[in-house]
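Spelled out, the chains give:
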Amino acid sequence: MKVIVPPIKSQGIKTKLIPWIKDLVSIADQKGKWIEPFLGTGVVAFNSGYKKAILNDTNPHIIGFYKGIQDKTISAPLMKKYLEEEGKLLSEAENNGYEHYLKVRSRFNGGEFSPYDFIFLSRAGFNGMMRFGSKGNWNIPFCKKPDRFAQAYITKITNQVATVSQIIQPKPNWTFHNKSFADIIPLASENDIIYCDPPYYGRHVDYYNGWTEQDEELLFNLLSETKAKFILSTWHHNDWRENEMINKFWNKFNIVTKDHFYHNGGNIENRRTVVEALVCNFDTDDFTTHNHGLTEKIKLEQLALRFEERQEALGITAATQKAGKRVPKTV
Ligand SMILES: C[S@@+](CC[C@H](N)C(=O)[O-])C[C@H]1O[C@@H](n2cnc3c(N)ncnc32)[C@H](O)[C@@H]1O
């Protein structure tokens with residue numbers, strides 16, 4: 001399956017999970033609108049195939065960028081011209097390009113909204129990460145490659161802009177919003193599908209990605225009330241711990257899971273394999289592709305029990321763990 005890759009990058013991007021998510025979307029078989037309250041890079045929406053969509057994110061740069069593509073103030077040729085100019089300045093700048101990275105970053109952080117500078121920073125920053133500091137400022141170090149914008153790379157980004165320009169439908173078929181998810185979910189009606197990929201509770205946090213238990217509860221309440229079908233992406237467990245929100249909220253719905261390895265991420269935990277979960281309010285009996293083996297609701301107590309049994313078999317007790325021994329993989 002050919003996956004459409006968007007021009008924006010971020011560490012939580014779901015590109016690799018698209019075939020898995022799409023399989024579940026096809027089981028939902030909804031004929032109405034695609035509703036995505038936590039758009040991020042847009043990769044899931046762009047691969048959804050829906051001609052009507054309501055797309056939202058609290059990050060104004062993401063929404064501003066895609067609105068610009070929709071109203072054609074941002075185009076592939078303009079992006080090409082911009083990247084050629086800025087790429088040349090980067091390659092010629094002092095300190096191995098760093099001086100020019102700083103210049104673009106300070107005009108961006110100075111409040112001069114430029115969707116082009118947003119793409120520049122996203123592509124010239126370390127590891128394709130997106131992170132904003134406590135004042136909403138761009139907070140990613142330079143990738144230290146003055147020749148970052150070589151012609152082949154510019155062509156790649158320009159093609160990505162051209163591709164999403166074809167996919168984004170004109171208003172009012174696709175609408176972009178810069179609100180909270182709580183304003184968006186109630187817009188869904190019975191024939192729609194809501195795909196939610198909120199910040200993961202207990203994990204990476206930044207200016208646009210704060211996420212508390214209250215947020216999770218509000219999301220749970222709104223999704224419990226909706227007449228639409230929904231799919232929620234979350235994490236189920238990793239080598240070290242379980243996502244307590246599964247037991248607290250999501251276990252009342254159907255859950256399918258799959259191993260996923262995240263390459264990017266600041267702290268060590270984010271670089272490990274995570275068992276991803278898709279939670280949904282419709283029947284998943286037909287869902288077998290890519291399944292990690294948990295088609296049925298699995299109680300966390302059961303996981304904990306298996307964990308303890310396995311620990312016992314390995315001769316690991318609470319006392320050895322306290323003494324600093326590594327906790328073995330659970331499932
Ligand atoms: C995990 S990312 C989504 C990633 C996306 N599925 C992708 O593949 O690129 C979560 C997104 O939710 C947005 N967000 C965080 N809190 C929000 C809120 N309260 N309402 C709406 N969007 C929010 C963040 O700005 C971020 O872009």
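For the structure itself, consult the block above.
If you're wondering where the values come from, they're calculated on a predicted model, not measured in any experiment.

Calculation notes
Residues numbered from 1 in each chain as written. Predicted model: local features only at pLDDT ≥ 70, side-chain atom pairs only at ≥ 80, totals over all residues. Pairing = 2+ DSSP bridges. Helix = DSSP H or I, 4+ residues; strand = E, 2+ residues; numbered from the N terminus. Axes fitted to C-alpha atoms, helices over the stretch in contact; angles between N-to-C directions. Near = placed C-beta within 6 Å. Nonpolar A, V, L, I, M, F, W, Y, C, P; charged D, E, K, R; others polar. Buried ≥ 20, exposed ≤ 12 C-beta atoms within 10 Å, placed from the backbone. Contact = placed C-beta atoms within 7 Å. Expected span 1.5 Å × (residues − 1). Arc of directions from axis to C-beta.

Q: How would you summarise the sheet that holds strand β2 (residues 53-56) if you had to cite specific residues and measurements?
A: Taking strand neighbours across the sheet as the criterion, the 7 strands line up as β3-β2-β1-β4-β5-β7-β6 in an open arrangement whose pairing is mixed. On the outer flanks of this sheet lie β3 (174-177) and β6 (254-261), each paired with one strand and no other. Sheet twist, expressed as the average angle between the axes of neighbouring strands with direction ignored, equals 20°. Strand direction decides the pairing type here: strand β4 (residues 193-196) and strand β5 (residues 229-238), joined by 4 bridges, are parallel. In the strand pairing of β5, Ile194 is matched with Phe230.

Q: Please provide a residue-by-residue account of the site of the ligand, values included.
A: Around the ligand, the surrounding shell holds 21 residues, and the nearest of these are Lys14, Phe38, Gly40, Thr41 and Asp197. In the shell around the ligand, the residues fall into 9 nonpolar, 9 polar and 3 charged.

Q: Could you give me a rundown of helix α3 (residues 60-70), with the residues and numbers involved?
A: Along α3, 8 of the 11 residues are buried, which leaves the element largely enclosed by surrounding structure. When we look at burial in α3, the residues that qualify are His61, Ile62, Ile63, Phe65, Tyr66, Lys67, Ile69 and Gln70. Residues of α3 that are buried in the fold lie against α6 (115-124), α7 (151-167) and β3. Following α3 by one or two positions, Lys72 adopts a phi angle in the positive range, close to 70°.

Q: Could you give an account of the environment of Phe120, naming the residues involved and the relevant values?
A: With respect to the helices and strands, the residue Phe120 is situated in helix α6. Judged by the 24 C-beta atoms lying within 10 Å of it, Phe120 is buried. For Phe120, the contacting residues outside a window of four places in its chain are Glu86 and Val104.

Q: Please give an account of helix α5 (residues 98-109) that cites residues and values.
A: Between its first and last C-alpha, α5 extends 16 Å over 12 residues, near the 16 Å set by a 1.5 Å rise per residue. Buried within α5 are the following residues: His100, Tyr101, Val104 and Arg105. All buried residues of α5 lie within an arc of 135° about the axis, which places them on one face of the element. On its buried side, α5 packs onto α4 (76-92) and α6. At the exit of α5 stands Gly111, carrying a positive phi of roughly 95°.

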